[in-house]
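Listed here are the chains, written in short residue letters.
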Amino acid sequence: MTQEIERKFLVHDFVPPADATAQQVRQGYVAITEEGTEVRIRRASGRHTLTVKSGTGPVRVEVEREIGSEEFDALWPTTAAARIEKDRYRLADGPHTVVVDVYHGALHGLCTAEVEFPSVEEARQYTPPGWVGEDITGVVGYLNRSLSTRGIPTHEESTRTDHHGN
C-alpha cells in the first residue's frame with residue numbers, strides 16, 4: 001500500500017519565477033465514489049498515468065501506474081464529465097518541493113499549492129512560504145475530483161472538511 005502525505009494551500013496572485021517552466025497537465029476521472037475513492041488518468045510531459053486514490057485529509061492511499069498513450073486515448077472519452085486542465089510549476093522550498101497548479105477553463109482564476117512529506121509529523125511542522133495562502137488540506141471542495149465535477153467551490157463547500165471521504 002502506498003500513502004501520500006500532503007498539505008494543500010490556496011495561492012493568490014501567483015507570478016511564476018522567470019526561470020520556472022510550466023508542465024501542461026490534462027487529467028480526467030474515470031470513476032469517483034461517494035466514499036472518496038477516485039480513478040483518474042493523466043497526461044503530462046508525454047507521460048500517461050492511471051492513478052487510484054482513496055480518502056481525504058493529509059494522508060491518503062495512492063497507487064499510480066504508467067500506461068501507454070493508446071490506453072490513455074481509449075479511456076479519455078469516459079472522463080468527459082470530470083476533467084481538469086492546468087499548468088504545473090515545481091518550486092524549491094528548502095528540502096521541499098512546492099507544486100503550484102494554475103487551473104484553466106471553468107476553473108480559471110484558481111491556483112493551489114501542494115507539498116508532499118515523508119511523515120505526518122513533518123507535514124504538521126511545515127511552514128509554507130509567505131506567498132502561499134490558506135491551508136485547504138482536507139477541504140472536500142478543493143480536492144481535484146471535486147473541482148473536476150463541481151467547479152470552484154462555494155463558500156460553504158470551501159470550508160467543509162471531511163477526513164472520512166464523504
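Above this text is the structure in question.
If you're wondering where the values come from, they're calculated on a predicted model, not measured in any experiment.

Visitor: Break down the overall build of the protein for me, citing the residues and quoting the values.
Guide: Each helix and strand in the protein was counted, giving three helices and nine strands. For the protein, the α and β elements follow one another from N to C terminus as β-β-β-β-β-α-β-β-β-α-β-α. Scaling as 2.2 N^0.38, a compact globule of 166 residues should have a C-alpha radius of gyration of about 15 Å, and the protein matches this with 15 Å. Overall size of the protein, expressed as C-alpha extent along the three principal axes, is 40 × 40 × 35 Å. Burial analysis of the protein (166 residues in total) assigns 45% to the buried set. Contacts in the protein between residues far apart in sequence, at least 24 positions, make up 57% of those at least 6 positions apart.

Visitor: I'd like a rundown of the side chain of His96, residues and numbers included.
Guide: As for its placement among the helices and strands, His96 is situated in strand S7 (residues 96–103). In this structure His96 comes out as buried when scored by relative accessible area, which is 12%. With residues up to four places along the chain from it excluded, the contact list for His96 reads Leu91, Val115, Glu116, Phe117, Glu122 and Tyr126.

Visitor: Describe in detail the packing of aromatic side chains, supporting the description with residues and values.
Guide: Any aromatic ring pair is given by two values, namely how distant the centres are and how the planes are angled relative to each other. Inspection of every chain in the model, using the stated rule, returns five aromatic pairs. Relative to Tyr126, the ring of Phe9 lies with its centre 6.5 Å away and its plane at 55°, an arrangement referred to as tilted. With a gap of 117 residues between them, Phe9 in strand S1 (residues 3–11) and Tyr126 in the loop between helix H2 (120–125) and strand S9 (132–135) connect regions that are remote in the sequence. Relative accessible area serves as the criterion here: at 9%, Tyr126 is assigned to the buried category. Among the aromatic residues, those joined into a ring-pair cluster are Phe9, Phe117 and Tyr126.

Visitor: A description of the nonpolar core should follow, citing residues and the corresponding values.
Guide: Ranked by size, the top nonpolar core spans 15 residues in total, and within it Phe14, Val98, Val100, Phe117 and Tyr126 carry the most contacts. Those elements giving two or more residues to this core turn out to be S1, strand S6 (83–93), S7 and strand S8 (111–116). With residues up to four places along the chain from it excluded, the contact list for Phe14 reads Tyr89, Leu91, Val100, Val102, Cys111 and Trp131.

Visitor: Could you give me a rundown of the environment of Trp76, with the residues and numbers involved?
Guide: By the element assignment, Trp76 lies in the loop between helix H1 (69–75) and S6. Linking Trp76 and Val30, residues 46 residues apart in sequence, is a C-alpha distance of 8.1 Å. Dropping the residues within four chain positions of it, Trp76 is found in contact with Arg26, Gln27, Gly28, Ile41 and Arg83.

Visitor: Could you give me a rundown of the pattern of salt bridges, with the residues and numbers involved?
Guide: By the definition in use, this model includes 15 salt bridges. Measuring nitrogen to oxygen at the nearest pair gives 3.6 Å for the salt bridge that ties Glu85 to Arg26. Placement of the pair is Glu85 in strand S6 and Arg26 in strand S2 (residues 23–32), with a sequence separation of 59 residues. Residue class for Glu85 comes out partly exposed when judged on its relative accessible area of 40%. Judged by relative accessible area, which is 30%, Arg26 ranks as partly exposed. Taken together, the shared-partner salt bridges in this structure form one network comprising Glu4, Glu38, Lys53, Arg60, Glu62 and Arg145.

Visitor: Please provide a residue-by-residue account of the pairing of S2, values included.
Guide: Pairing analysis gives six bridges linking S2 to S6, with the strands arranged antiparallel. What sits directly across from Gly28, in S6, is Arg83. Inspection of the sheet shows S2 paired to strand S3 (residues 38–44) by seven bridges, in the antiparallel sense. Residue pairing for S3: Ala31 is matched across the bridge by Val39.

Visitor: An account of unusual backbone geometry is requested, with residue identities and associated values reported.
Guide: With phi around 55°, Asp13 is a residue other than glycine that occupies positive phi space. Secondary-structure assignment places Asp13 in the loop between S1 and S2. For Ser45, which is not a glycine, the phi torsion comes out positive at approximately 55°. Checked against the element boundaries, Ser45 lands in the loop between S3 and strand S4 (47–54).

Cut-offs used in this document
Chains are numbered independently. Their residues run from 1 in the order of the written sequence. With the structure being a predicted model, the display of local features is reserved for residues of pLDDT at least 70 and the display and counting of side-chain atom pairs for 80 or more, all residues being used for whole-chain, interface and lining totals. Excluding hydrogens and water, the side-chain values take into account all heavy atoms of the structure. We count a stretch as a helix when DSSP gives it H or I for four or more residues in a row; a strand needs E for two or more, and each element gets its number in order from the N terminus. As defined in this context, the radius of gyration uses C-alpha atoms, and a globule is described by 2.2 Å times the residue total to the power 0.38. Burial classification: accessible surface area is computed with a 1.4 Å probe over protein chains only, and a residue below 20% of its type maximum counts as buried, one above 50% as exposed, and the rest as partly exposed. Note on definitions: a residue-residue contact is assigned when non-hydrogen atoms from the two residues lie within 4.5 Å. The rule is short: rings of Phe, Tyr and Trp, with Trp giving its six-membered ring, pair when the centres are within 6.5 Å, and they are stacked under 30 degrees, edge-to-face over 60, tilted in between. Buried Ala, Val, Leu, Ile, Met, Phe, Trp, Tyr and Cys residues that are joined via side-chain atoms within 4.5 Å together make up what is termed a nonpolar core. The term salt bridge refers to a side-chain nitrogen of Lys or Arg lying within 4 Å of a carboxyl oxygen of Asp or Glu. Strand pairing is assigned whenever DSSP identifies at least 2 bridges connecting the two strands.

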